[in-house]
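What follows is the residue order along each chain.
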Amino acid sequence: MRYISTRGRAPELGFDDALLAGLATDGGLYVPSSWPRFSQTEWAAFAALDYAGLATKVIAPYVRGSVAESSLLSIAKQAYGGFAHQAVAPLVQLDSQLWLMELFHGPTLAFKDYALQMVGLLFDHVLKARGSRITIVGATSGDTGSAAIEACKDRAAVDIFILHPAGRVSEVQRRQMTTVQSSNVHNVAVQGSFDDCQNIVKAMFADVELRADLNLSAVNSINWARIMAQIVYYAWASLRLGSEYKPVAFAVPTGNFGNVFAGYVAKQMGLPIAKFAVGSNRNDILTRYFETGLMTAADVVPSLSPSMDIQISSNFERLLFSAYNNDGVAVANLMERFKQSGEYAVDPASHARIMALFAGDRSKDDVTKATIKSVFAATGQVVDPHTAIGIHAARVLKGSPDMPIIALGTAHPAKFPDAIEAAIGQRPALPAHLADLLQRHERFTTLANDLDQIKAYVRQHARQI
Ligand SMILES: *Cc1c(COP(=O)(O)O)cnc(C)c1O
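What comes next is a walk through the structure. (Residues numbered from 1 in each chain as written. Predicted model: local features only at pLDDT ≥ 70, side-chain atom pairs only at ≥ 80, totals over all residues. Heavy atoms only, no water.)

Some points on the pairing of strand β6 (residues 158-165)
Counting buried residues in β6 gives 8 out of 8 residues, a clear majority hidden from the surface. The two faces of β6 match: V158, I160, I162 and H164 on one face and D159, F161, L163 and P165 on the other face are all buried. Where strand β5 (residues 134-139) and β6 come together, 6 bridges link them in parallel fashion. For A139, the partnering residue across the bridge sits in β6 and is L163. With helix α6 (residues 143-152) bridging β5 and its parallel neighbour β6, the resulting β-α-β unit is right-handed. In the sheet, β6 pairs with strand β7 (residues 185-191) via 6 bridges, with the strands oriented parallel. Pairing of P165 across the sheet is with V190, part of β7. (Buried < 20%, exposed > 50% of the residue type's maximum accessible area, 1.4 Å probe, protein only. Helix = DSSP H or I, 4+ residues; strand = E, 2+ residues; numbered from the N terminus. Pairing = 2+ DSSP bridges. Right-handed = clockwise from strand over helix to strand, strands pointing away.)

Let's talk about helix α13 (residues 316-323)
Within α13, 8 of the 8 residues are buried, which leaves it mostly tucked inside the rest of the structure. Within the span of α13, buried status applies to F316, E317, R318, L319, L320, F321, S322 and A323. Where α13 terminates, the next one or two residues include N325, which has phi positive at roughly 50 degrees.

What about unusual backbone geometry?
Even without being a glycine, F257 presents a positive backbone phi close to 70 degrees. Residue position: F257 is located in the loop between β9 (248-253) and α11 (258-268). Judged by its relative accessible area of 0%, F257 is buried. With a phi close to 50 degrees, N325 is a non-glycine residue in the positive phi region.

Points about helix α7 (residues 171-178)
Given 3.6 residues per turn, any residue in an α-helix points the same way as the ones three and four places further on. The element α7 is extensively covered by neighbouring structure, given that 6 of its 8 residues are classed as buried. Looking only at α7, the buried set comprises V172, Q173, R175, Q176, M177 and T178. Where α7 is buried, its residues touch α6, β6, β7 and α18 (417-424). (Contact = heavy atoms within 4.5 Å.)

So, the environment of V367
Mapped onto the elements of the fold, V367 is located in helix α16 (residues 365-379). Separated by 125 residues in the primary sequence, V367 and G242 place their C-alpha atoms 30 Å from one another.

As for the pairing of β5
Burial runs high along β5: 6 of the 6 residues are buried. By the alternation rule, side chains of β5 split into I134, I136 and G138 and T135, V137 and A139, which are all buried. Pairing of β5 with strand β8 (residues 216-217) involves 2 bridges; the strand directions are parallel. Among the inter-strand pairings, I136 is bridged to a residue of β8, identified as S217.

Quick word on the nonpolar core
Core analysis: the biggest nonpolar cluster contains 114 residues, and F250 and F358 have the highest contact counts within it. Apart from residues lying up to four places away in sequence, F250 is in contact with M101, Y234, A237, S238, I273, K275, F276, A277, L397, I406 and L408. Within the second largest apolar cluster, 25 residues are counted, among which are V190, F194, F205 and I222. (Core = buried A, V, L, I, M, F, W, Y, C linked by side-chain atoms within 4.5 Å.)

Structural notes on the packing of aromatic side chains
Enumeration according to the criterion identifies 29 aromatic pairs in this entry. On the basis of an interplanar angle of 45 degrees and a centroid distance of 5.7 Å, the ring pair of F257 and F358 is categorised as tilted. Note that F257 is positioned in the loop between β9 and α11 and F358 in strand β13 (residues 358-362), a separation of 101 residues in sequence. Taking 5.0 Å as the distance between ring centres and 65 degrees as the angle between the ring planes, the aromatic pair formed by Y289 and F316 counts as edge-to-face. Here Y289, found in helix α12 (residues 285-292), pairs with F316, found in helix α13; they are 27 residues apart in sequence, far enough to count as distant. In this structure, R240 packs its charged tip against the face of W236, placed 3.9 Å from the ring centre. (Phe/Tyr/Trp six-rings, centres within 6.5 Å; stacked < 30°, edge-to-face > 60°. Lys NZ or Arg CZ within 6 Å of the ring centre and 35° of its normal.)

Things to note about the packing of α13 against helix α14 (residues 328-341)
At a minimum axis distance of 9 Å, the contact between α13 and α14 shows a crossing angle of 140 degrees. One element, α13, and the other, α14, form an angle in the oblique class. The two elements α13 and α14 cross, and the hand of that crossing is right-handed. Contacts between α13 and α14 pair E317, L320 and F321 from the former with G328, V331, L334 and M335 from the latter. Taken together, the residues that form the contact of α13 with α14 break down as 5 nonpolar, 1 polar and 1 charged. (Axes fitted to C-alpha atoms, helices over the stretch in contact; angles between N-to-C directions. Parallel < 35°, antiparallel > 145°, perpendicular 65-115°, else oblique. Left-handed = near helix turned anticlockwise from the far one by under 90°. Nonpolar A, V, L, I, M, F, W, Y, C, P; charged D, E, K, R; others polar.)

Quick word on the sheet that holds strand β15 (residues 445-448)
Taken in spatial order, the 5 strands of this open sheet run β8-β5-β6-β7-β15, and their pairing is parallel. At either margin of the open sheet sits one strand with a lone partner, and together these are β8 and β15. Those strands touched by helix α8 (residues 194-206) are β5, β6, β7 and β8, and its axis lies near 150 degrees from that of β5. Sheet strands touched by helix α19 (residues 451-461): β5, β6, β7 and β15. Its angle to β15, the strand with the most contacts, is close to 145 degrees.

Observations regarding the site of the ligand
Taken together, 14 residues sit near the ligand, with K112, D143, G255, N256 and N259 positioned nearest. Side-chain polar atom of K112 to an oxygen atom of the ligand: 2.5 Å apart, as the coordinates give it. With the chains in place, 98% of the 380 Å² that the ligand exposes on its own is no longer accessible. Grouping the constituent residues of the shell around the ligand by class yields 4 nonpolar, 8 polar and 2 charged. (Near = heavy atom within 4 Å. Polar contact = N/O pair within 3.5 Å; in protein donor to acceptor, adjacent residues only side chain to side chain. Areas by Shrake-Rupley, 256 points an atom, 1.4 Å probe, with all protein chains shown as cover.)

In structure tokens:
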């Protein structure tokens, strides 16, 4: 498989180079040059596989030429073997039409483990074959950081630096990152917002010298390999509930648009997915876009769903590229306009293509709490605030009443105990493997929202390549 940049000016790469590069040199994101497709018969055969087996089939065409299918299967078995639920991504029925896919049975209790456990092992595999090392730099609004750290800790070929916005991630989220004691793990609390952290990471990648000196790489959702690994659970749920013929819809809470974009790719691969409902919190740049066709930046405001406190949805660029029929120059122009003026309009034909498939919804915090409460009252299921926003978004879907809707359970409720307590008056317990998290020793460095200071810190603490 060859990979091309959404801005059309970076070199085409194979899978291992795209994995290691993260962001493309023209500022764009890597996407496959075409979508592999399976026939209905092939999907029907995949329905019999377990999660690791299905992951191998779905991912194989994207890594062909870099990772052999037999290696891929053992990587997938290792990645998902330690998950706390045998089904890996179990489906729970909430009502006659609505299902919840629990994507929080990995080591850090959020859906990001489903991609990152796989990506960490793919890094190892590819670096071992090349005899080289990398420095991973990432920004997190909460869940990516811990999932990346769990995926990369103690790996000999990797140093990992994770920037999080100081005071803007929950205590459980922070501790899941800062209590990992491995010497190759570096946590930096930045005095700014998540978007500030993300801008610093982007600026570090734009610094050619730094990038080359430290062999910089990324694990946030700009890395194609994460999207790739997330396609798997859309296929998993579609095959369980819809069969290979019957359409299903998904309801997805969104921040960076990475998760729901993986669903879009699943559809391109031939799965019968009719529609995506996309939920935002009050940081609703995407909902406003769906309503108007205009992307307009706004300031980030903290909410009960911190992993979605984002006003620049990086992965939306991948959808744009597809909606503009892979016209990288057009996408580069839109991105340049956005950078200059904080606004761009999607051309009507491309916007119509997007609206045929996506519907937007928003939940402010009071609505999120009400959703947690009503789901609990009706079903006994405790859902985290992000998941609740997805469930609320399901109501904007106007499909036939017998079309299953699958809401993605993106985090375990115990990651956000304050929000849950505010909604239903009970604090959810952490699962056994994290029960002593609040007693563990933390280790992190607080730095100003200052690119040069953070660059210097990374140079100083990265091992020599
Ligand atoms: C990261 C995250 C999201 C948002 O996912 P994107 O891929 O950024 O759209 C939603 N919920 C939870 C719990 C998350 O950790």
